[in-house]
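# Breakdown of the fold
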Amino acid sequence: MNAEPSIQAKLLDLAAVDAELTRIEHRRKVLPEQQEVARLEGERTARKDEAVKVEIQIDDLDRDIRKLEGEVEAVRKREERDRGMLTAGSVGAKQLSELQHELGSLERRRKVLEDDLLAVMEQREATADAHAHAGANLDKAEADLVDAERRRDEALADLAVAQQRCESDRAALANAFPADLLAAYDKQRAQYGVGAALLQARRCGACRIELDRGEISRISQTAPDVVVRCPECSAILVRTKHSGL
């Protein structure tokens, strides 16, 4: 394949643009802002799980409170009924003794239930505080995530602008090359990542390997308009006065 040396030299400009496109794509894949979004999404999920867990605890405590309140009320009504029977004086001596014994048992039972109810209500109050704290943590996590997503979107927008600029530059440069040379360059770049590189001080700018004397001698004897390739990585080598030929 043949191409004017000045055309071959322009491959370095094309390679520089393509290298920048590669860097943009790599940055998009490892974008720190995206990693921060992912971290905060995990944190938000954890905070949401914490809030839900506390909500479930509150529901359980509310159910326990209702149950205990119902039991306390049932015992209180039983006490009132027994006291009413005692006050009415309509029971015999044996039943009177049984009622008095039952009242004592009911009173003790009610006090135990009321103590249990108080303990659960105190636990409910503490859990409500924990729920408020979990909610505040969730709100903060969501706000942090929104801010991180904004910064991620801004970074992606900047990359999109840079990519568009590079693609425009590449399209303008590509018009300067013969079709066969551009096809060879694009194929090499697709396979190995670098299509063309400068041969500098007998070293390939693509694979960074120094060519041996025999290869350098062969290249130096090749006409300037002949397209040469690196024997190691097959990249198109652009020759200049700094190539060490």
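Residues numbered from 1 in each chain as written. Predicted model: local features only at pLDDT ≥ 70, side-chain atom pairs only at ≥ 80, totals over all residues. Heavy atoms only, no water.

## Observations concerning the nonpolar core
- Ranked by size, the top nonpolar core spans 14 residues in total, and within it Leu11, Leu14, Phe177, Leu181, Tyr185 and Ile236 carry the most contacts.
- Counting residues per element, the ones that place at least two in this core are α1 (5-29), α4 (179-192) and β4 (236-239).
- Considering each element in turn, this core owes the most residues, four residues, to α1.
- Ranked by size, the runner-up nonpolar core spans ten residues in total, among them Ile216, Cys233, Ala235 and Leu237. (Core = buried A, V, L, I, M, F, W, Y, C linked by side-chain atoms within 4.5 Å. Buried < 20%, exposed > 50% of the residue type's maximum accessible area, 1.4 Å probe, protein only. Helix = DSSP H or I, 4+ residues; strand = E, 2+ residues; numbered from the N terminus.)

## Regarding the pairing of strand β1 (residues 196-200)
- In this sheet, β4 lies alongside β1 in parallel orientation, the contact comprising four bridges. Looking at the pairing, Leu198 lines up with Val238 of β4.
- Of the pairings in the sheet, the one linking β1 to strand β2 (residues 203-204) comprises two bridges and is antiparallel in character. Paired with Leu199 across the two strands is Cys204, which belongs to β2.
- A loop of two residues connects β1 with β2, the two strands running antiparallel in sequence, and Ala201 in this loop sits at a positive phi of about 50°. (Pairing = 2+ DSSP bridges.)

## With respect to the packing of α1 against α4
- As a packed pair, α1 and α4 sit with axes 12 Å apart at the nearest point and diverge in direction by 35°. Where α1 crosses over α4, the handedness of that crossing is right-handed. Across the interface between the two elements, Ile7, Leu11, Leu14, Ala15, Asp18, Leu21 and Thr22 from α1 touch Leu181, Leu182, Tyr185 and Arg189 from α4.
- A class-by-class count of the residues in the contact of α1 with α4 yields eight nonpolar, one polar and two charged. (Axes fitted to C-alpha atoms, helices over the stretch in contact; angles between N-to-C directions. Left-handed = near helix turned anticlockwise from the far one by under 90°. Contact = heavy atoms within 4.5 Å. Nonpolar A, V, L, I, M, F, W, Y, C, P; charged D, E, K, R; others polar.)

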